[in-house]
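Next come the chains, spelled out residue by residue.
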Amino acid sequence: MNKTYFVLIFILFALGLGALFLPETQHNKERSPRELFLAMNNPSRFVTTDQVAKKIIEADPTLFLIDTRPFDQYESYSLPGAVNIPLEKLLDTNGLIFSEWMDYLDIEGVNAVFFSNSDITADQVWVICSRQGIDNLYVMKGGLNYWVETILKPEKPVQSAPSEDFALYDFRKGASQFFGAGTISIEAEVISEPVPRMRKKKKTVASGGC
Amino acid sequence: MGPLITQGIINPEWNFVIALVIGIAFGYILEASGFSSSRKIAGVFYGYDFTVLRVFMTAVVVAMVGLVYFNYMGWIDLSLIFILPTFMKSVIVGGVLMGFGFVLGGYCPGTSFTGIVIGKLDALFFTGGLLIGVFIFSSIFPWIEAIYYGGEMGAVTVTEALGISRGLFTFLFVIASLLAFIFTSLIQSKQKKTDL
């Protein structure tokens, strides 16, 4: 064999051996502090419980719910179709998001919605994930507490409330049945107050005059 | 043309121009490597010429090692590279058919065109057969669709499927190809020289 071949074989072997010891490179897609600050001050990341409920009912394929609470809480109750990514298990020892989570979080065309009991934990997860350059992330405003308050046990608006509130209440009542919050008896609206009757005015005989 | 067009760095109209330039370069290298000779290509199956194996293995190893180092240096992000999805059934069936065609005809599609360019008659016949094959395949496609899309594994790489690190796989592949180079050289040195 030609001498050049030996040199080439040696170079290739050395490079191959080097590849064996190369550390796994994590490509830095992190957002700059300025970008993150602006994103954090932008409330558009928050979605309401009503929006989430509507999307679940419509089986919106772009919705991806992520429960950020610990596993035991997730197991006892969570939203339908939600995946559990607890805050304390989000990062690996290098301070980066576990690659198995990244497969869930970084899906094109899918909007991931984080939720926790309130919206604090979910928001923390949102900040960590946004910092690592993941887009299309949202937080359910008020968390599960607000979910119970608004969707599962909606409160009837006061009589003087605008009609939009009543429409919203109707939606919430329907949603609460959809999510199986017991059977809510639909009470017939019994009007207890006596209906004021209009009495015919007695024709009065013109008195006097001409 | 990779990220240059999708990122808007160059105009999409340049696609064909770039394709033409790369095509000419590819054809030139194939011809220069001796891939326009069907006897040279078929030699790898009969054990008298291993140029095909060496050229392809060199290309794979250089690209593999290069990409691993480029990824390490941060010049390229391997996680963003497009990976063709794997269809296991069609890969096996297609691979066997392609192998038969390779041994019988002495060309693969690309090299047959290189053969035509330098005026090889067998390459011309081979390309005729290739076009007939394309026609037959298109005609019977509805019947073989299940095989064509069978065994889908998604965009999976060998390292993911085996659960080993990229560096280890690169090292093993380099060793395997170096052994293949040395082994085939030894076989070839024992053959009597034939003029191809």
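Fair warning: this is a prediction, and the values are worked out from it, not measured in the lab.

Trainee: Describe the overall build of chain B, and please don't skip the residues or the numbers.
Mentor: Within chain B, the regular secondary structure consists of 9 helices and 2 strands. Ordered by position in the sequence, the α and β elements of chain B form the string α-α-α-α-β-α-α-α-β-α-α. Taking contacts inside chain B between residues at least 6 apart in sequence as the whole, the part at least 24 apart equals 60%. Counting only carbon and sulfur atoms, one obtains 74% of the accessible surface of chain B, whose full area is about 12,900 Å².

Trainee: Account for the nonpolar core, naming residues and giving values.
Mentor: All names here are of chain A. Core analysis: the largest hydrophobic core is formed by 20 residues, its most contacted members being Ile-97, Leu-105, Phe-114 and Cys-129. Elements supplying a minimum of two residues to this core: strand E2 (63-67), helix H5 (99-105), strand E4 (111-115), helix H6 (120-131) and strand E5 (137-140). With 4 residues, the top contributor of residues to this core is H6. When sequence neighbours within four positions are dropped, the list of residues in contact with Cys-129 reads Leu-90, Ile-97, Leu-105, Phe-114, Ile-134 and Leu-137. Core analysis: the next-biggest nonpolar cluster, separate from the first, contains 17 residues, Val-52, Ile-56, Ala-82 and Val-113 among them.

Trainee: So what's going on with the packing of aromatic side chains? Which residues, and what values?
Mentor: Evaluated as defined, the whole model comprises 16 aromatic pairs over all chains. Ring geometry for Tyr-148 of chain B and Tyr-149 of chain B: centres 4.9 Å apart, planes at 90 degrees, overall edge-to-face. Against the face of Trp-126 of chain A rests Arg-45 of chain A, its NZ or CZ located 4.4 Å from the ring centre. Geometry around Phe-46 of chain A places Lys-141 of chain A over its ring, the cationic atom sitting 4.2 Å from the centre.

Trainee: Explain the packing of helix H3 (residues 49-57) of chain A against helix H8 (residues 163-178) of chain A residue by residue, including any values.
Mentor: The angle between the axes and the distance between the axes are what describe a pair of packed helices. Residues and elements named next belong to chain A. The geometry of H3 relative to H8 is characterised by a closest axis approach of 11 Å and an angle of 50 degrees between their N-to-C directions. By the angle class used here, H3 and H8 are oblique. In the packing of H3 onto H8, the handedness of the crossing is left-handed. Facing Asp-50, Ala-53, Lys-54, Ile-56 and Ile-57 of H3, the residues of H8 in contact are Leu-168, Phe-171, Arg-172, Ala-175 and Phe-178. For the contact of H3 with H8, a count of residues per class yields 7 nonpolar, no polar and 3 charged.

Trainee: Residues and numbers for the sheet that holds E2 of chain A, please.
Mentor: All names here are of chain A. Strand order across the open sheet formed by 5 strands is E1-E5-E4-E2-E3, with parallel pairing between neighbours. Because the sheet does not close on itself, it has two edges, and the strands there are strand E1 (46-47) and strand E3 (83-84). Here H6 sits on the sheet in contact with E1, E4 and E5, set at roughly 170 degrees to E5.

Trainee: Give a description of the pairing of E5 of chain A that names residues and reports values.
Mentor: Moving residue by residue along a regular strand, the side chains alternate between the two faces of the sheet. All names here are of chain A. Taken together, the 2 bridges between E1 and E5 define a ladder with parallel strand orientation. Residue pairing for E5: Phe-46 is matched across the bridge by Val-139. Sheet topology places E4 next to E5; 3 bridges connect them, and they run parallel. Bridging across to E5, Phe-114 finds its partner in Val-139.

Trainee: For the pattern of salt bridges, give the residues involved together with the corresponding values.
Mentor: All names here are of chain A. Per the stated rule, a full pass over the model turns up 8 salt bridges over all chains. When the shortest N-O distance is used, the salt bridge between Lys-55 and Asp-60 registers 3.0 Å. Of the charged contacts in the structure, one is a salt bridge between Asp-119 and Lys-141, with a shortest N-O distance of 3.9 Å. In this pair, Asp-119 sits in the loop between E4 and H6 while Lys-141 sits in the loop between E5 and helix H7 (143-152), placing the two residues 22 residues apart along the sequence. Assessed through its relative accessible area of 41%, Lys-141 is described here as partly exposed.

Parameters and conventions
Position labels on residues start from 1 in each chain and follow its written sequence. Chains and ligands are labelled sequentially in the order written, the chains with letters from A and the ligands with numbers from 1. The model is predicted, so local features are restricted to residues of pLDDT at least 70 and side-chain atom pairs to those at 80 or more, both for listing and for counting; the totals for chains, interfaces and linings are taken over all residues. Remark: hydrogens and water are excluded; side-chain values derive from all non-hydrogen atoms of the structure. Going along the chain from the N terminus, every DSSP run of H or I of four or more residues is numbered as a helix, and every run of E of two or more is numbered as a strand. Throughout, a residue-residue contact means that at least one pair of heavy atoms, one from each residue, lies within 4.5 Å. Methods summary: accessible areas were calculated by the Shrake-Rupley approach with a probe of 1.4 Å, and residue burial reflects only the protein chains presented. Working definition of a nonpolar core: buried Ala, Val, Leu, Ile, Met, Phe, Trp, Tyr and Cys residues. They are joined through side-chain atoms within 4.5 Å. Each residue's exposure class comes from its accessible area (1.4 Å probe, protein chains only) as a fraction of the maximum for that residue type: buried when under 20%, exposed when over 50%, partly exposed otherwise. Between 30 and 60 degrees the pair is tilted, below 30 it is stacked and above 60 it is edge-to-face, where a pair is any two Phe, Tyr or Trp rings, Trp via its six-membered ring, whose centres lie within 6.5 Å. Lysine and arginine charges are scored as sitting over a ring when NZ or CZ, respectively, is within 6 Å of the ring centre and within 35 degrees of the ring normal. Axes here refer to lines fitted to C-alpha atoms; in helices the fit is confined to the stretch in contact. Angles between the N-to-C directions go from 0 to 180 degrees. Orientation is classified from the angle alone, with under 35 degrees giving roughly parallel, over 145 giving roughly antiparallel, 65 to 115 giving roughly perpendicular, and any other angle giving oblique. If you view the pair so one helix is near and one far, a crossing is left-handed when the near helix is turned anticlockwise from the far one by less than a right angle, and right-handed when it is turned clockwise. Following the grouping adopted for this structure description, the nonpolar residues are Ala, Val, Leu, Ile, Met, Phe, Trp, Tyr, Cys and Pro, the charged ones are Asp, Glu, Lys and Arg, and the polar ones are all others, Gly among them. Only strands joined by at least two bridges in the DSSP assignment are considered to pair. For this document, the term salt bridge refers to a Lys or Arg side-chain nitrogen within 4 Å of an Asp or Glu carboxyl oxygen.

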